[in-house]
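# Analysis of the macromolecular model
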Amino acid sequence: MLRIFLAFILVGCLFPLTTHARLLTATISGMVKDAKSKAALAFVSVVCKKATDTTFVTGTVTSETGLFTMSNINSGNYILEVSRVGFETKAINIYVGSLSSFLDVATIELQENTTNLEAVTVTATQQGLSNKLDKKTFNVSDNISQAGGSVLQAMQNLPGITIQDGKIQLRGSDKVAILIDGKQTAITGFGSQAGLDNLPASAIEKIEIINNPSAKYDANGNAGIINIIYKKNKQQGFNGKAAFTTGLGALWVRKQNLPGIRSQYTTTPKINPSLTLNYLKNKVNTFLQADYLYTETLNKNEFTERTYTDGNVINQQLKRNRNTTFFTSKLGIDYNINSNDQLTISGYYGSEKIIDRGDEPFFNKELKERLRLWQFLEDELKTTVMATASYQHKYNQPGRVLNVGFNYTFHREDEKYFFDNIMPTFTGKDAFKLLSDEHVADFNLDYIRPLRYGRVETGFKFRRRTIPTNMQFFPGINSPIDANAGGEATYKETIPAVYGNYIYETIKMEAEIGLRVEYVNLNYQVNPNHNTYKSDGYNYMQPFPTVRLAYKINDQNKLSLFYNRRVDRPNEVDIRIFPKYDDAEIIKVGNPALKPQFTNTLELGYKANLSKGYFYSALYHRFANATITRISSTVPGSNLIYAIFQNVNRSYNSGIELLFSKEVSKAFSYNVNLNTYRNQVNGFTVLNLYPVRNTFTAETESLISGNFKVNATAHLKRKIDVQFSAVYLAKDIIPQGEIGARFSLDAGIKKSIQKNRGELFANATDLFNTLVIKKKIKGSNFNYTSSDYFETQVVRLGYSLKF
């Protein structure tokens, strides 16, 4: 069946479709001068006519400074006729493409006996997938089956995205940069991903998936960028939206606990009120976004069987009951100084309180003898404060813009763990405390200037980031904790960067060529008394080119070729010198010797605009040097497994993505997404330093995997919408092993009430409770299999009101 489906899609790629897309409008501007004196000419008539039949479209006259502007020009070929008494009329053919909303015809000089004809077409933008084929945009409000959950949950049904171990993957890679309103912040992490599972989706307007970012974006994130855009309204007067969502998760026990531990969470409550306010009067727009989220969650419920080459077998369960309280608020003002200048100042505050109560029993093979019971209480408070100021100057030439911005972020991680180490002959009390304060300052300057056939973009960015951390261990009797691996450490990062981007478009061809140059200086200062690691760091200056070339087969069909070079810098948590003991016998440790991973990507994309829909396909290939991955190994004389980040050999990711979206009628629409790829990691040998020097060798691993997603929405009578979302994830490669196939089905229903100002919804995720994470890991002298029955099924009810 899958082969038949693939054949059908691939045949469709070979035959361009004659369809119609929705129209993009553009603004055309320029200046008129006297050819001899070079003086600006006022009150010159500028008329726009269709090139095919010279039908009048629109017209204007130049200002006292010789400038003119014509807006809302629909797609088509046009002639600009420029005339004034005493001067020869001049005709200019002009082309407006899909890449630029503003075109500048520059200076038009009027003189005798001069006629210069050139030409213009405006093509269309299809909702969901940009005409450049580099970005997909999705409104969170359209995702009925995931409404009321977290941002991470809202993303799992989006095309091209999978969720694995709480991280987003794009096309099989978790090296994804997460932005909020176009900026990296401590809310979602710098480089790595963080906080998405507790960020309420109710605060979000839309989500952009950018597989091939241009040079204006930071170079980190080899798989691409996800941009999360907060809600913000600009209607006149006072307006807003209030919403309330509640729900229950873990409705029944999927797998019983091992003997002798506390009960796992069931029927876990969820509460999420949210409020958006906006007040616009005269030159000032004030906005507020506030969200509160309380959840109880069966965060982890993983059953593992470890088998060692000496015949020893250990069965264990890691169960984590989690209580999370999350509050976030964003307050700001837009001040329109005049028609050309705007200043925006905003502040963000977020507080996330996590209480974990964990149980981890260890048994022999027959489950008759308990070897250890590891119980813990985690008390963690994350506090984020962010201040942003941005200034925009619009020049008289439409589309010519200067943006200046400054962003400061403070993020504190205050984490405490308390352990009961219950052994057959004694009970020990252990603890540790981690305090981490992250300070990040970003300054950016961006400039855009329209050209006759496109535009140029250039800019500068400077980042200074420091993270002092302090880990204190408090071991009890016969403690498994390595008390000498604590102490202070400080992460310091400085990144200046410049970029330039040139966009060019003709009737048949498009080109976007950019270059970003970044200098990075990273220094990681380690406690000199640490028993293993020493201070380390790196610096480099590297170019990151981006290229996009496109050929328009016709107005509805386009081919695009992409190339980009990107980097994944180890994040601070990846190089932390402190072992983490939420699992007593599979211990995660950072590596301060980690170096960046550089990735090159090639992609060929095809898009056909359909009547009320589109078809998109892409062939892609990525290869990375010094691939960053976690290595699990043991040391002589111990059954403990240490999972440590390392730079290994070259890795490859090649595949095809297909996306078909169609509005069949006003009553029914659907989209289908298929992503098939091959991952490979070449064989390697690495030296682990912690807890003692040991060498690990792995052979080349490769696997063909993919995912299939279907979203269908029915618009019924009485303003009722029903949605079903199905996701199938095939078996995939992970470091030293594989993760099994999994499937889930989500469903949702919503109804508009109160003259479309109110909305009621209900939904259920993982309707049949089928989503279980199964893994197989192989080490040098051990292997283990695990199955995680964590909470995936949640039923929610919600109400929202616009006012």
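Attention now goes to the overall build of the protein chain. Secondary structure assignment for the protein chain yields three helices and 44 strands. For 803 residues, the compact-globule formula gives about 28 Å, and the C-alpha radius of gyration of the protein chain, at 29 Å, lands near that figure. In terms of overall dimensions, the protein chain has C-alpha extents of about 105 × 60 × 55 Å along its principal axes. Intrachain contacts of the protein chain at a sequence separation of at least 6 include 69% that bridge at least 24 residues.

The next thing to look at is the confidence of the model for the protein chain. The share of residues in the protein chain with pLDDT of 70 or more is 93%, and the mean pLDDT across the chain is 88. A low-confidence stretch, residues 1-23 stays under pLDDT 50, and its non-local contacts, those more than four residues away or across chains, total 42 contacts.

All told, the structure shown has 25 aromatic pairs when counted by the stated rule. Taking 6.3 Å as the distance between ring centres and 15 degrees as the angle between the ring planes, the aromatic pair formed by Phe544 and Phe598 counts as stacked. Placement of the pair is Phe544 in strand 25 (residues 536-554) and Phe598 in strand 28 (residues 597-610), with a sequence separation of 54 residues. By the burial criterion, Phe544 is buried, and Phe598 matches it. Taking NZ or CZ as reference, Lys330 lies 5.3 Å from the ring centre of Tyr230, over its face. We note Lys607 situated over the ring of Tyr614; from NZ or CZ to the ring centre the distance is 5.8 Å.

This part covers the sheet that holds strand 1 (residues 26-34). Pairing in this open sheet of three strands is mixed, and the strands run 4-1-7 from one edge to the other. Looking along the sheet, the strands with just one partner apiece sit at the ends: strand 4 (67-73) and strand 7 (102-110). Direction aside, the axes of adjacent strands within the sheet are offset by 20 degrees on average.

A surface patch of nonpolar side chains, amounting to about 560 Å² of accessible area, comprises Phe406, Tyr408, Phe443, Leu445, Phe460, Phe462 and Val498. Relative to the elements of secondary structure, Phe460 occurs in strand 22 (residues 454-474). Look at Phe460 and you get partly exposed, because its relative accessible area is 33%.

What follows is about the sheet that holds strand 11 (residues 176-180). Ordered in space as 8-12-13-11, the four strands form an open sheet in which the pairing is mixed. This sheet does not close on itself; its edge strands, each paired only once, are strand 8 (135-139) and strand 11. The average undirected angle you get between the axes of adjacent strands in this sheet is 15 degrees.

So, on to the nonpolar core. One finds Phe419, Tyr581, Tyr642 and Tyr690 to be the most contacted residues of the largest nonpolar core, which totals 52 residues. Core analysis: the second largest hydrophobic core is formed by 29 residues, Ala154, Met155, Ile161 and Ile228 among them.

Here we take up a positive patch on the surface. On the surface, Lys717, Arg718, Lys719 and Lys751 cluster together into a positively charged patch. In this fold, Lys719 is placed in the loop between strand 36 (701-716) and strand 37 (720-729). Among the residues examined, Lys719 registers a relative accessible area of 46% and is labelled partly exposed.

Moving on, we get to the pairing of strand 26 (residues 557-568). Most of strand 26 sits inside the fold, with nine of its 12 residues counted as buried. Judged from the eight bridges that link them, strand 25 and strand 26 form a sheet pairing that is antiparallel. Its bridge partner being in strand 26, Thr546 is matched across the sheet by Asn564. Between the end of strand 25 and the start of strand 26, which pair antiparallel, lie two residues. Where strand 26 and strand 28 come together, 12 bridges link them in antiparallel fashion. Residue Asp568 lies in a different strand from strand 28, and its bridge partner there is Gln597.

In this section: the pairing of strand 20 (residues 401-422). Judged from the 22 bridges that link them, strand 19 (residues 370-394) and strand 20 form a sheet pairing that is antiparallel. Residue Glu380 lies in a different strand from strand 20, and its bridge partner there is Glu415. Where strand 19 hands over to strand 20, the hairpin turn is made up of six residues, of which Gly399 adopts a positive phi near 85 degrees. Sheet analysis places strand 20 next to strand 21 (residues 427-451), joined by 22 bridges and oriented antiparallel. In the sheet register, Lys416 faces strand 21, and the bridge partner there is Lys433. Joining the antiparallel neighbours strand 20 and strand 21 is a turn of four residues.

About the criteria used
- Residues numbered from 1 in each chain as written.
- Predicted model: local features only at pLDDT ≥ 70, side-chain atom pairs only at ≥ 80, totals over all residues.
- Heavy atoms only, no water.
- Helix = DSSP H or I, 4+ residues; strand = E, 2+ residues; numbered from the N terminus.
- Rg over C-alpha atoms; globule rule 2.2 N^0.38 Å.
- Contact = heavy atoms within 4.5 Å.
- pLDDT = per-residue confidence, 0-100.
- Phe/Tyr/Trp six-rings, centres within 6.5 Å; stacked < 30°, edge-to-face > 60°.
- Buried < 20%, exposed > 50% of the residue type's maximum accessible area, 1.4 Å probe, protein only.
- Lys NZ or Arg CZ within 6 Å of the ring centre and 35° of its normal.
- Pairing = 2+ DSSP bridges.
- Axes fitted to C-alpha atoms, helices over the stretch in contact; angles between N-to-C directions.
- Patch = residues over 30% accessible without salt bridge, like charges linked within 9 Å, V, L, I, M, F, W, Y side chains within 5 Å.
- Areas by Shrake-Rupley, 256 points an atom, 1.4 Å probe, with all protein chains shown as cover.
- Salt bridge = Lys/Arg side-chain N within 4 Å of Asp/Glu carboxyl O.
- Core = buried A, V, L, I, M, F, W, Y, C linked by side-chain atoms within 4.5 Å.
- Lys, Arg positive; Asp, Glu negative; His and termini not counted.
- Charge placed at Lys NZ, Arg CZ, Asp CG, Glu CD.

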